[in-house]
Amino acid sequence: MTNKIKNIGVLTSGGDSPGMNAAVRAVVRTCVFHNVGCYGIYQGYQGLIDNNMESMNARSVKDIINKGGTILKSARCLEFRTTEGRKTAHENLIKNNIDGLVVVGGDGSFTGAMIFQKEFNFPVIGIPGTIDNDIQGTRFTLGYDTALNTVIDAIDKIRDTASSHNRLFIVEVMGRDAGHIALNAGIGAGAEEILIPEENMGLDRLLESLKRSEKSGKSSSIVVVAEGDKTGENVFEIASYIENNLPYYEVRVSVVGHMQWGGTPSCFDRVLASRMGVFAVESLLENNSNKMVGIIDETLKLFPLEEAIKGKSQINENLIRVSDILSIYCLLYTSPSPRDSRASRMQASAVKK
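Within every chain, residues take consecutive numbers counted from 1 along the sequence as written. Given that this is a predicted model, residues contribute local features only at a pLDDT of at least 70 and side-chain atom pairs are listed and counted only at 80 or more, while totals for whole chains, interfaces and linings are drawn from all residues. For side-chain calculations, the full set of non-hydrogen atoms in the structure is used, while hydrogens and water are omitted.

Asker: What is the right way to look at the packing of helix α6 (residues 180-189) against helix α11 (residues 317-326) in this model?
Answerer: Axis angle and axis distance: for two packed helices, these are the angle between their axes and the distance between the axes, and together they describe the pair. Following both chains from N to C, one finds α6 and α11 inclined at 35°, their axes separated by 10 Å at the closest point. Pair α6 / α11 crosses with left-handed handedness. Two secondary-structure elements touch here, α6 through L183, N184 and I187 and α11 through L319, I320, V322 and S323. Helix axes use the C-alpha atoms of the stretch in contact, all axes being lines fitted to C-alpha atoms, and the angles between their N-to-C directions lie in the range 0 to 180 degrees. Strands are runs of DSSP state E lasting at least 2 residues, helices are runs of H or I lasting at least 4, and numbering of each runs from the N terminus. Left-handed is the label given to a crossing in which the near helix is rotated counterclockwise from the far helix by less than a right angle, and right-handed is the label when the rotation is clockwise. Throughout, a contact is declared for two residues whenever any of their heavy atoms are within 4.5 Å.

Asker: Where do I start with empty space enclosed by the protein in this structure?
Answerer: Space left empty within the atom packing is revealed by a probe, the size of a water molecule, rolled over the atoms. Space inside and on the surface of the protein is sampled on a 1 Å grid over the protein atoms alone, with a cavity defined as a set of points where a 1.4 Å probe fits but cannot get out and a pocket as an open set with protein on both sides within 12 Å along at least 5 of 7 lines; lining residues have an atom within 4 Å of a point. Grid points are joined across faces, edges and corners, and a volume is the space filled by probe spheres set on the points. Throughout the structure, instances matching the rule amount to one cavity of 30 Å³ or more. Roughly 40 Å³ of internal volume is contained in the largest cavity. Residue lining of the largest cavity: 10 residues in total, with V225, E227, D229, N234 and V235 positioned closest to the centre. Put simply, the parts of the chain that give the lining of the largest cavity at least two residues each are β8 (221-226) and α8 (235-245).

Asker: It is not clear to me how the sheet that holds β8 should be interpreted in this structure. Could you clarify?
Answerer: Hydrogen bonds between backbone atoms are what pair the strands of a sheet, whose relative direction is either parallel or antiparallel. An order of β7-β8-β6-β9 is seen for the four strands of this open sheet, with the pairing classed as parallel. Since the sheet does not close on itself, it has two edges, and those belong to β7 (193-195) and β9 (250-255), each with one partner. Sheet twist, expressed as the average angle between the axes of neighbouring strands with direction ignored, equals 20°. On top of the sheet, α6 reaches β6 (167-173), β7 and β8; it is set at about 170° to β7, its chief contact. The strands touched by α8 within the sheet are β6, β7, β8 and β9, with β9 carrying the most contacts at an inclination of about 170°. Pairing between two strands requires that DSSP report at least two bridges joining them.

Function-wise, these values are silent; they only describe arrangement.
Shown next, in the form of structure tokens:
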């Protein structure tokens with residue numbers, strides 16, 4: 001390695017996600033392995049401006065691989081969006097002899113890192129940490145797998161109640177711009193319908209689906225809705241519409257909410273975070289910058305930050321098809337093509353665009 005970097009700073013920014021601590025641990029210990037100093041920066045970009053950072057060693061990160069959240073904390077920083085704020089941040093890095101930066105966060109955090117790198121030519125590597133899995137250039141982001149397991153556990157428990165009381169439960173999960181959590185958790189939990197931002201199902205079509213489900217003898221159902229879905233204004237409007245048009249359904253709404261952000265990271269997220277942390281430090285030491293660590297086909301690769309920010313992760317159309325096949329619709333038809341599949345409509349929509 002052509003090591004020109006003597007000290008590396010690491011920060012976590014944006015919404016926390018399970019696996020961030022494992023990534024910080026990997027960054028710190030990889031620095032120790034390569035005889036490079038490491039500084040933990042607290043409160044994200046705010047810590048850069050406030051000079052809130054301290055030297056870390058291998059013992060500084062003991063017993064954190066299994067913890068959710070982030071020991072370095074996270075905070076919004078409007079000041080870092082200004083030229084003056086970023087200048088102060090750069091001065092503090094230079095003051096502490098830090099000459100490389102690892103940023104763990106989502107697209108907003110990466111936007112700040114990219115601008116900072118361009119203004120000061122300061123080496124930066126990003127690690128994708130967001131439960132939404134909505135960043136281009138990586139198959140998985142830190143926290144996504146843990147969030148899925150959290151949602152699955154919640155839906156399994158909700159289904160017990162739905163079955164006991166013959167109710168329809170609408171379960172809202174996170175995913176403002178992407179339906180990865182809703183789609184995968186919906187399939188994994190056996191939901192009757194899955195509503196995602198990538199496709200506007202429409203309230204009338206949802207009603208038809210529920211009518212067929214009821215006619216088949218199902219007395220309880222689960223509908224999983226991503227928070228960014230555009231079928232209705234919100235899940236409560238959807239619930240009200242169903243109750244007004246299908247009075248035989250007793251509808252309940254459950255918002256899984258911020259518990260998806262927390263919790264002990266899964267083994268998958270711990271291993272992924274560890275691999276990405278090592279790769280990020282060694283990429284900096286090899287004079288790479290303005291890149292994000294991504295995983296494609298089990299291989300870690302570097303992806304330009306600018307493309308990661310501007311791009312959008314693609315929904316897996318095969319999973320859409322799996323959802324179609326396994327839903328109650330297919331039990332009610334003899335035709336091999338029981339309905340105008342969502343996957344085919346999404347493909348047609350992509351062609352038009």
